[in-house]
Amino acid sequence: MSPTSPTNSSTLDRVSLDGKTAVATGGAGAIGQVYARALAVAGARVVLADLDGEGAERAAKSLSADGLHALGVRVDITDRASAAAMAEQAIAAFGGIDILVNNAALMADIPQVDLLDLPNDWFDRVMRVNVLGAINCAGAVKASMVERGGGRVINQVSAGAFMGGGIYGVSKLALVNVTMGLARSLGPLGINVNAIAPGLVENEPGFKSLPADHPALAGAIPGKKSAPAEDLLGTLLLLASPAGEWINGQTISVDGGWVTRL
């Protein structure tokens, strides 16, 4: 089959994000910037949202300098009004919202202590950012997605959700449940909700939480033990694009086989 055949052209159209607007929270962070660039290169206009508003603006300017459409905004995802303001800025700039990537999270800064020893204020903080934040953002973009005929919400969870441990894993397992619940409530409105569960991502926050030479990785992962954030992009673009329209309520592990489940 030739590269210019109608079938191949149609396939490429199915993974294109031309005409779409995507909001990526945690847009100033390591994975957030990789996600935002991939969405923009695929054709989307991208809003990079972060508590670090200046960092989000710098990241957006870097994309704009390469001829991509991007906007950086400050958001506190734990505050419903702030999430709504983020959505309003995206709509004002680009006309609406089609894709939300709930990437913002607390991880590397969380105290590495047993759950029984975790101060209550840290429990509340992690759950507010990692769980409530995603809910707030989904609520903020819902009306625009419905108006545009549907949309995609992609939650960033973690392999840590499925192996026990500290509050980070607890929060990410809760977000898996949120993903399933929102898929049921938003699916009839044309909004698919799915999650990506990465393994050890090769960046500073990832190695701070779990060093690459940790013995837990040696015998537990049959494939690659770690990978750069770019290895998550195939799954991200599948879930964000028309090619993934039949996928809803799922958590897809991208971790070399670290987590296997029925």
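Residues numbered from 1 in each chain as written. Predicted model: local features only at pLDDT ≥ 70, side-chain atom pairs only at ≥ 80, totals over all residues. Heavy atoms only, no water.

Looking at this structure, how should I read the overall build of the protein chain?
Looking only at helices and strands, the protein chain features 9 helices and 9 strands. Compactness check: the protein chain gives a C-alpha radius of gyration of 18 Å against a globular reference of 18 Å for 262 residues, within 12% of the reference. Principal-axis analysis of the C-alpha atoms gives the protein chain an extent of 55 × 50 × 40 Å. In the protein chain, 74% of the contacts between residues at least 6 apart in sequence involve partners at least 24 apart. Carbon and sulfur atoms make up 56% of the accessible area of the protein chain, which amounts to about 12,300 Å² in all. (Helix = DSSP H or I, 4+ residues; strand = E, 2+ residues; numbered from the N terminus. Rg over C-alpha atoms; globule rule 2.2 N^0.38 Å. Contact = heavy atoms within 4.5 Å. Areas by Shrake-Rupley, 256 points an atom, 1.4 Å probe, with all protein chains shown as cover.)

Teacher, can you tell me more about the pattern of salt bridges here?
Two side chains with opposite charge may pair up if their charged atoms get near one another. Under the definition given, this model contains 4 salt bridges. Here lysine 224 and aspartate 231 are joined by a salt bridge, their closest N and O atoms 2.6 Å apart. (Salt bridge = Lys/Arg side-chain N within 4 Å of Asp/Glu carboxyl O.)

I tried to follow helix H6 (residues 167-186) on my own but got confused; where do I start?
Along an α-helix, residues three or four positions apart point the same way, because every turn accommodates 3.6 residues. With 20 residues, H6 ought to run about 28 Å at 1.5 Å a step, and its terminal C-alpha atoms sit 28 Å apart, in line with that. Residues of H6 that are buried: Ile167, Tyr168, Gly169, Ser171, Lys172, Leu175, Val176, Val178, Thr179, Leu182, Ala183 and Leu186. If you follow the buried residues of H6, they end up packed against helix H5 (120-147), strand E5 (151-156), strand E6 (191-198) and strand E9 (251-254). (Expected span 1.5 Å × (residues − 1). Buried < 20%, exposed > 50% of the residue type's maximum accessible area, 1.4 Å probe, protein only.)

Where do I start with the nonpolar core in this structure?
Generally speaking, a soluble globular protein has its nonpolar side chains buried in company with each other. Counting 40 residues, the largest nonpolar core has Val23, Met86, Ile97, Leu100, Ile110, Met145 and Val193 as the members making the most contacts within it. Counting only elements with at least two residues in this core, the list comes to strand E2 (45-50), helix H4 (80-94), H5, H6 and E6. Counting residues per element, this core draws most heavily on H5, which supplies 9 residues. Among all residues touching methionine 145, those that are not within four sequence positions of it are Ile97, Asp98, Ile99, Leu100, Gly150, Gly151, Arg152, Val153 and Ile191. If you look at the next biggest cluster of nonpolar residues, it comprises 30 residues, including Leu17, Ala44, Ile196 and Leu239. (Core = buried A, V, L, I, M, F, W, Y, C linked by side-chain atoms within 4.5 Å.)

Explain empty space enclosed by the protein here, please?
A probe matching the size of a water molecule, rolled over the atoms, marks out where space remains unfilled. Following the criterion strictly, the structure yields 1 cavity of 30 Å³ or more and no others. By volume, the largest cavity is sized at about 50 Å³. Contributing to the lining of the largest cavity are Ile77, Asn102, Asn103, Ala104, Ala105, Val129, Asn130, Gly133, Ala134, Gln156, Lys172 and Leu175. If you list the elements that add at least two residues to the lining of the largest cavity, you get H5 and H6. By residue class, the composition of the lining of the largest cavity is 6 nonpolar, 5 polar and 1 charged. (1 Å grid on protein atoms, 1.4 Å probe; cavity = no way out; pocket = protein on both sides within 12 Å on 5 of 7 lines; lining within 4 Å. Points joined across faces, edges and corners; volume = space filled by probe spheres on them. Nonpolar A, V, L, I, M, F, W, Y, C, P; charged D, E, K, R; others polar.)

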